[in-house]
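Structural overview for review
Single-letter residue listing:
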Amino acid sequence: LPLPASGATPVRVMTVAGSDSGGGAGIQADMRTFALLGLHACVAVTAVTVQNSTGVTGIQEIEPSVVAAQMRSVVPDIGVSAVKTGMLASGPIIDAIADAAVDLRIGRDADVPLVVDPVCASMHGDPLLAADALGALKERLFPLATVVTPNLDEVRLLTGIDVVDADTQRAAAVALHALGPRWALVKGGHLRGSDVSPDVLYDGTGFLEFPSARIDTPHDHGAGDTLAAAITGALGHGYAVPDAVGFAKQWVTRGLAAAYPLGAGHGPVNPLW
Ligand code: PLP
């Protein structure tokens, strides 16, 4: 992706997401990827998590109106060319974000592409979205999404489909696409018993596959956030969705290969040029 000239205003993007005090996932992962891609990162904070390398021990949600106000302040002033959502915490926060997105012309049929990473839990199993907020996610945000990027646990929660092979992965992509996004990306990263972890991208007409080598590391904290952030950054630079996904896959694969240990638990992916 092109880096801006010194002193020139870069492409701006926005993440609507939660803070990870351990600096691995969430807003901190998004901003790391955006900065490395030469983008200016705007942020609407949805929640502050109390979190280290071993897990999440507390969550302070931000008032829904304050989440939306961050978007409504930034977008007309600074201007953004792509938006990403990550940890959204609650149904009322999702409703406020969806209302703001419609007003600000963010979404699949509007001016600014929207990447929805439907974060439900951390890899330790700590919930990051209220159980009663799945309906709001599906009914309010999915129809606005340019692309959704669930992992296999999130696919099960959202569609009821247990992805065990290539056929069920495709069926899940069809079911997710029926919820309204322009594209559905079903990440295969957690697919059992395979050396490769193909991701499947579906737009209602055909399936695109993105194979990648499985990188066996316990230090994969923030991998999902980083993938969605790299897709968002590439869309901000004007890439089409399949090209953005291809770029982001490479970005995360390299980030996993360069991941480092941190604390007593899981270290973060480490995206590098
Ligand atoms: N914390 C926050 C704030 C997040 O947004 C996410 C993922 O989106 C996580 C934690 C979980 O990251 P992981 O599943 O990589 O541990």
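For the structure, see preceding data.
Residues numbered from 1 in each chain as written. Predicted model: local features only at pLDDT ≥ 70, side-chain atom pairs only at ≥ 80, totals over all residues.

**Observations regarding the sheet that holds strand β7 (residues 183-186)**
Stated precisely, the cut-off is as follows: For two strands to be treated as a pair, DSSP must find no fewer than two bridges joining them. Runs of H or I in DSSP of at least four residues are treated as helices and runs of E of at least two as strands, each being numbered from the N terminus.
Read from one edge of the open sheet, 9 strands run β3-β2-β1-β4-β5-β6-β7-β8-β9, paired in mixed fashion. In this open sheet, the two edge strands, each paired with only one partner strand, are β3 (55-61) and β9 (207-210). In this structure, strand β2 (residues 40-52) lies alongside β3, joined through 6 bridges in antiparallel fashion. Note that in β3 the partner of Val50 across the bridge is Gly58.

**A closer look at the packing of helix α3 (residues 91-103) against helix α4 (residues 134-141)**
This is how the line gets drawn: To get an axis, a line is fitted to the C-alpha atoms, and for a helix only the part in contact is used. The angle between two axes follows their N-to-C directions and goes from 0 to 180 degrees. Comment on the angle field: the value is read as roughly parallel under 35 degrees, roughly antiparallel over 145, roughly perpendicular from 65 to 115, and oblique elsewhere. Contacts here follow a simple rule: the backbone-placed C-beta atoms of the two residues must lie within 7 Å. Side-chain classes follow a simple rule in which Ala, Val, Leu, Ile, Met, Phe, Trp, Tyr, Cys and Pro form the nonpolar group, Asp, Glu, Lys and Arg form the charged group, and the remainder, Gly included, forms the polar group.
The contact between α3 and α4 brings their axes to 8 Å, and the two run at 10 degrees. Between α3 and α4, the crossing angle belongs to the class labelled roughly parallel. Between α3, through Gly91, Ile94, Asp95 and Ala98, and α4, the contact on the second element is made entirely by Ala136, Leu137, Arg140 and Leu141. Counted by class, the contact of α3 with α4 contains 5 nonpolar, 1 polar and 2 charged residues.

**Regarding the site of the ligand**
So the rule is basically this: Residue proximity rests on one test: whether the C-beta atom, placed from the backbone, lies within 6 Å of the molecule or strand.
What surrounds the ligand is a group of 18 residues, the closest being Gly18, Ala25, Gly26, Met87 and Met123. Every element with two or more residues in the shell around the ligand is listed here: β1 (12-20), β2 and α7 (223-236). Taken together, the residues that form the shell around the ligand break down as 7 nonpolar, 9 polar and 2 charged.

**Quick word on the packing of α7 against helix α8 (residues 241-257)**
Definition in use: Note on convention: the crossing is left-handed when the near helix lies turned anticlockwise from the far helix by less than a right angle, right-handed when the turn is clockwise.
The interhelical angle for the contact between α7 and α8, taken along N-to-C directions, is 140 degrees, at an axis separation of 8 Å. Our classification of the angle between α7 and α8 gives oblique. Judged by the sense of rotation from one axis to the other, the crossing of α7 with α8 is right-handed. Residue-level inspection shows Ala223, Thr226, Leu227, Ala230, Ile231, Ala234 and Leu235 of α7 in contact with α8, the latter providing Asp243, Ala244, Val245, Phe247, Ala248, Trp251, Val252, Gly255 and Leu256. Here the contact of α7 with α8 is built from residues that sort into 13 nonpolar, 2 polar and 1 charged.

**Re the pairing of β1**
As a reminder, the rule being used: Exposed residues have 12 or fewer other C-beta atoms within 10 Å of their own C-beta, buried residues have 20 or more, and partly exposed residues fall in between, where C-beta atoms are placed from the backbone. By convention, orient the strands away from the viewer: a clockwise path from the first strand over the helix to the second makes the crossover right-handed.
Burial of β1 is extensive: 8 of the 9 residues sit out of reach of the surface. Pairing between β1 and β2: 9 bridges, direction parallel. Paired with Met14 across the bridge in β2 is Cys42. In this fold, the crossover linking β1 to β2 by way of helix α1 (residues 26-36) has right-handed handedness.

**As for α8**
To be explicit about the condition: Expected helix span is given by 1.5 Å per residue-to-residue step, counting one fewer step than there are residues.
Given a rise of 1.5 Å per residue, 17 residues ought to cover 24 Å, and the 24 Å separating the end C-alpha atoms of α8 matches this to within 8%. The secondary structure elements touched by the buried residues of α8 are β6 (147-148), β7, β8 (199-202), β9 and α7.

**What about the nonpolar core?**
The line we're drawing: A set of buried Ala, Val, Leu, Ile, Met, Phe, Trp, Tyr and Cys residues, joined through C-beta atoms within 7 Å, is what we mean by a nonpolar core.
Counting 82 residues, the largest nonpolar core has Val13, Val83, Ile97, Leu114, Val186, Ile231 and Ala248 as its most contacted members. Residue contacts for Val186: discarding those within four places in its chain leaves Pro150, Val155, Val163, Gln169, Ala172, Ala173, Leu176, Asp199 and Val200.

Geometric values such as these leave the question of function open.
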